[in-house]
Amino acid sequence: MASHKLLVTPPKALLKPLSIPNQLLLGPGPSNLPPRIMAAGGLQMIGSMSKDMYQIMDEIKEGIQYVFQTRNPLTLVISGSGHCALEAALVNVLEPGDSFLVGANGIWGQRAVDIGERIGARVHPMTKDPGGHYTLQEVEEVQVPAPGGFGGIPGRDPPLHGPARKKMYSRKTKPFSFYLDIKWLANFWGCDDQPRMYHHTIPVISLYSLRESLALIAEQGLENSWRQHREAAAYLHGRLQALGLQLFVKDPALRLPTVTTVAVPAGYDWRDIVSYVIDHFDIEIMGGLGPSTGKVLRIGLLGCNATRENVDRVTEALRAALQHCPKKKL
C-alpha cells in the first residue's frame, strides 16, 4: 500500500499526561465539585436515546422542577452554557419587528440587546450603571408598543411561563436557530406527551453529573441549601468589610448569596490582585465583565465551596494581596 507523508506530526503536548492544578475555584463559576459529581463523570457511557438515558433525563427534569419550584411541564435542559440558555429564550420568544424591553446594566443585559437586534426585534434598552437595579414600577412606566410581542428583563429563571410560553407556541415564523428551537427540545425532553424524536446528541456524561448535582440538593433540602449560601455569604461580607473593602451592591437585599462583587480598592489594579491570589494561594477569583470591568472583584461561594473555611482562606489571601500588590498614589 502506498504511504502518505503526514503534514502534521503528533502534538508533543498530547504525548504527556494531562496535568490539572489543584485550585480552589472561588470565582462566579466554574466551581469545585463534590466527589460524587466527579465520580459520575467517570461512569460508563450509554446510548443517548436509550430508555436508560430517557430515565435519567426525566429524573433531571424532576430535579429542576424542585430547584426552581415549578410544576411547569415545559422543563428541560439546554446542551450549552448559561449564555446558550439566554439565547434560547430570546430566539424562541422574539420575532422580527417585536418590541423588546431590556434591562441593560451589565454584560448579560448588553448581550440580550445584541441578540434582540440580530433577530430583528425593536430593542428598547433600559440602561443603568453596573450595580443598579430596576423596580417593577420603572418597568411598568416604560411604554413599549408590543402588539403580539414580548417585553422582558433577563433574570435567573428560565422564561418559559405564561405569556412567554404562549408566544413561543403561537409565533408566525420559525426560530432563527434549529438547535435551540424549544418545540424540538420540548419533544426531545418528553415535555409534549409525543414520541421523542432525535434532535441532537446530548452530552451524556455531563447529564450524569447534572443528575447527581440535583440529587445532592434534593438530599440536602432546598431550604438548607439556601441557608448554607446565605450564612456563608453573610460571613464573607463581614470578613471583607473587616479588611476595609466595600461591597459593590449597596443594598443588602439585592446582593446574591452565591456571588459577591467587591469594589476594587482605590489605587490597585484588579489584575494584580487576581494574579497574586492565584499565584500565591491557588485560589481563583475573578474581575468584572463588560461595564464592570476594572471596577469589581467577583467572589463565588457555590455549592460545596460555600463554607466558612473557604471564606477564611480567600479573605486571608486578599489581605496578603493588598499588602504586597503595587498601589498607585492617588
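In the block above lies the structure referred to throughout.
Residues numbered from 1 in each chain as written. Predicted model: local features only at pLDDT ≥ 70, side-chain atom pairs only at ≥ 80, totals over all residues. Heavy atoms only, no water.

(A) Structural detail: the environment of Val142. Position of Val142 relative to the elements: it lies in the loop between helix 5 (136–141) and helix 6 (162–170). Here Val142 falls in the partly exposed class, since its relative accessible area comes to 31%. Separated by 95 residues in sequence, Val142 and Gly47 have C-alpha atoms that sit 50 Å apart. Those residues in contact with Val142 that lie beyond four places of it in its chain are Leu101 and Met126. (Helix = DSSP H or I, 4+ residues; strand = E, 2+ residues; numbered from the N terminus. Buried < 20%, exposed > 50% of the residue type's maximum accessible area, 1.4 Å probe, protein only. Contact = heavy atoms within 4.5 Å.)

(B) Region of the structure containing the pattern of salt bridges. As enumerated under the stated definition, the model contains 14 salt bridges in all. As a salt-bridge pair, Lys167 and Asp98 come within 3.0 Å of each other at their nearest N and O atoms. One end of the pair, Lys167, is in helix 6; the other, Asp98, is in the loop between helix 3 (82–93) and strand 2 (99–104), and 69 residues separate them in sequence. The same class applies to Lys167 as to Asp98, namely buried. In this structure, the salt-bridge partner of Glu316 is Arg239, at a minimum N-O distance of 2.9 Å. On the criterion of sequence distance, the pair formed by Glu316 in helix 11 (residues 308–324) and Arg239 in helix 9 (residues 222–242) is long-range, its members being 77 residues apart. The partly exposed category is assigned to Glu316, whose relative accessible area is 36%. Classification of Arg239 by relative accessible area gives buried; the value is 18%. (Salt bridge = Lys/Arg side-chain N within 4 Å of Asp/Glu carboxyl O.)

(C) Inspection of unusual backbone geometry at higher detail. For the bond from Gly29 to Pro30, the omega torsion is 0°, close enough to zero to count as cis. As for its position among the elements, Pro30 is in the loop between strand 1 (24–25) and helix 1 (35–40). One non-glycine residue, Gln69, lies in the positive phi region at around 50°. Its location among the elements puts Gln69 in the loop between helix 2 (51–68) and helix 3. One non-glycine residue, Asp193, lies in positive phi territory at about 60°. You can see Asp193 is positioned in the loop between helix 7 (182–188) and helix 8 (204–220). By relative accessible area, Asp193 is classed as exposed at 75%.

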